[in-house]
Structures are given as C-alpha cells and as structure tokens.
Amino acid sequence: MHATAGTYAVDGDHAAVLARVSHIGYSYSVFRFDRVSGTLTWDPAVVARSTLSVSVKIESITSNVKDFASKLAGDQFLNAPRFPEATFVSTAFRQTDATSGKVDGQLTLMGKTAPVTFDVVLVGAGKGFDGNPRIGVTARTWIKPQDFGMPAMFAEPIEIVVDAEFARNP
C-alpha cells in the first residue's frame, strides 16, 4: 500500500469519530459524531512534514439511548450551542513502521485546548472508484475530561477513535 503525496480532504461519507465513555464503571457507552471534515497534507518522502487539521460538528453526536444525543449536545454536557465544533490540529507526525505512527497535536473541545497524541494505523491506500488516490486510517487516543471542562461525572478517561478516509484533491 502506497499513499501518494498530496493534499487530501476527509470523505465525510466515510468518516466517524467515536467516543467511548465509562458508564458508571460497568461498561462503555459509545457515542458517534457523524459530521467530520478536514485536510491532510501527506508527504510520504518526509512524513514529519505532513500536516492534519480536522473538525467535528458536536451537534452530530448520536446515542443508542433515546433522546440522549440532544442532551449530550446541550448546555449540560458538550454545549454545542456555545462550542459547535471540536478541532484537532497536528503539530508532529512520527512514523513508527510502514503502516503506523503517532500524530501529536492540539485538541480543542468546549473552548479548551490540550495536547493529545493519536496512535494511527493505515487501513489502506490506493485509488478510489473515481480513480483518485485515497487513504484510510484508524486513529485512537485517550483524553482527560477535566482538561476540557467536562462535568465531574466524567471522571474516567474517554477513548476517542477516528475512522476516516481521505480523498486526494484532483
């Protein structure tokens, strides 16, 4: 699999951000954010020169619990009216082997910014149905809810999982 150099955009139809949150210590509740956008500038010759900027619409959160998504997006939890987007902007790409690496950056959520590192695995790269290059990745990190001003009930770290395809701009 070879991901060719260039500027890629998140394919919003093939991207999601999952948050795995401890549910009173008995299980994990999984929430999905469906509206993701962003840009990847990929340089396979010098991976460290690559950059990434991603945005997630907070109001796009979904939940299996009836009517809970709107509560999560509301003032009591994620406060989407005041903070409509979460963003991640890379500060460093570090390749660890042919198909994985780490991406350091700044995550902004609920108006607060903190450093995070995503462990990234290349799922696949090649040509899409339209013949243009595509890159698919899975990335994961853990955040401390208190770093972002979340309510005290979120005491345990929250796992963030990103599954995304990027399509190179023609």
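1. A short note on the pairing of strand S4 (residues 51-57)
Here is step 1 of the chain: Where strand S3 (residues 36-42) lies against S4, six bridges are found, and the strand directions are antiparallel. Pairing of Leu 40 across the sheet is with Leu 52, part of S4.
Here is step 2 of the chain: As paired strands, S4 and strand S6 (residues 85-97) are joined by five bridges and run antiparallel to one another. Looking at S6, one finds that Val 54 is bridged to Phe 88.

2. Details of the side chain of Ser 100
Here is step 1 of the chain: With respect to the secondary-structure elements, Ser 100 resides in strand S7 (residues 100-109).
Here is step 2 of the chain: At 2.8 Å, the side chain of Ser 100 and the side chain of Asp 97 are in polar contact.
Here is step 3 of the chain: Ser 100 has contacts with Gln 95, Val 120 and Val 121, leaving out every residue within four places of it along the chain.

3. As for the pairing of strand S1 (residues 6-23)
Here is step 1 of the chain: Pairing geometry for S1 and S3, over four bridges, is antiparallel. From the neighbouring strand, Ala 9 faces S3, where its bridge partner is Thr 39.
Here is step 2 of the chain: Sheet analysis places S1 next to strand S10 (residues 158-168), joined by nine bridges and oriented antiparallel. Paired with Tyr 8 across the bridge in S10 is Arg 168.
Here is step 3 of the chain: Two strands pair when backbone bridges link them, and S1 and strand S2 (residues 27-33) are joined in this way by seven bridges, in the antiparallel orientation. Counterpart to Val 17 in the pairing with S2 is Phe 33.

4. Looking at the packing of aromatic side chains
Here is step 1 of the chain: With the rule as written, the count across this model stands at five aromatic pairs.
Here is step 2 of the chain: Residues Phe 31 and Phe 68 carry aromatic rings whose centres are separated by 6.1 Å and whose planes lie at 55 degrees to one another, so their mutual orientation is tilted. Here Phe 31 is found in strand S2, whereas its partner Phe 68 is found in helix H1 (residues 68-73), with 37 residues between them in sequence.
Here is step 3 of the chain: In this structure an aromatic cluster arises from ring pairing among Phe 31, Phe 68, Phe 77 and Phe 154.
Here is step 4 of the chain: The residue whose ring lies beneath Arg 20 is Tyr 28, and the NZ or CZ to ring-centre distance is 4.5 Å.

5. Some details on the side chain of Arg 134
Here is step 1 of the chain: Tracing the backbone through its elements, the reader meets Arg 134 in strand S9 (residues 133-143).
Here is step 2 of the chain: Taking the relative accessible area as the measure of exposure, Arg 134 reaches 17% and is therefore buried.
Here is step 3 of the chain: Reaching out from Arg 134, the side chain makes a polar contact with the side chain of Glu 165 at a distance of 2.9 Å.
Here is step 4 of the chain: For Arg 134, the residues in contact, after removing those within four places along its chain, are Tyr 8, Asp 11, His 14, Gly 124, Ala 125, Gly 126, Gly 128, Glu 165, Phe 166 and Ala 167.

The rules behind the values
- Residues numbered from 1 in each chain as written.
- Predicted model: local features only at pLDDT ≥ 70, side-chain atom pairs only at ≥ 80, totals over all residues.
- Heavy atoms only, no water.
- Pairing = 2+ DSSP bridges.
- Helix = DSSP H or I, 4+ residues; strand = E, 2+ residues; numbered from the N terminus.
- Polar contact = N/O pair within 3.5 Å; in protein donor to acceptor, adjacent residues only side chain to side chain.
- Contact = heavy atoms within 4.5 Å.
- Phe/Tyr/Trp six-rings, centres within 6.5 Å; stacked < 30°, edge-to-face > 60°.
- Lys NZ or Arg CZ within 6 Å of the ring centre and 35° of its normal.
- Buried < 20%, exposed > 50% of the residue type's maximum accessible area, 1.4 Å probe, protein only.

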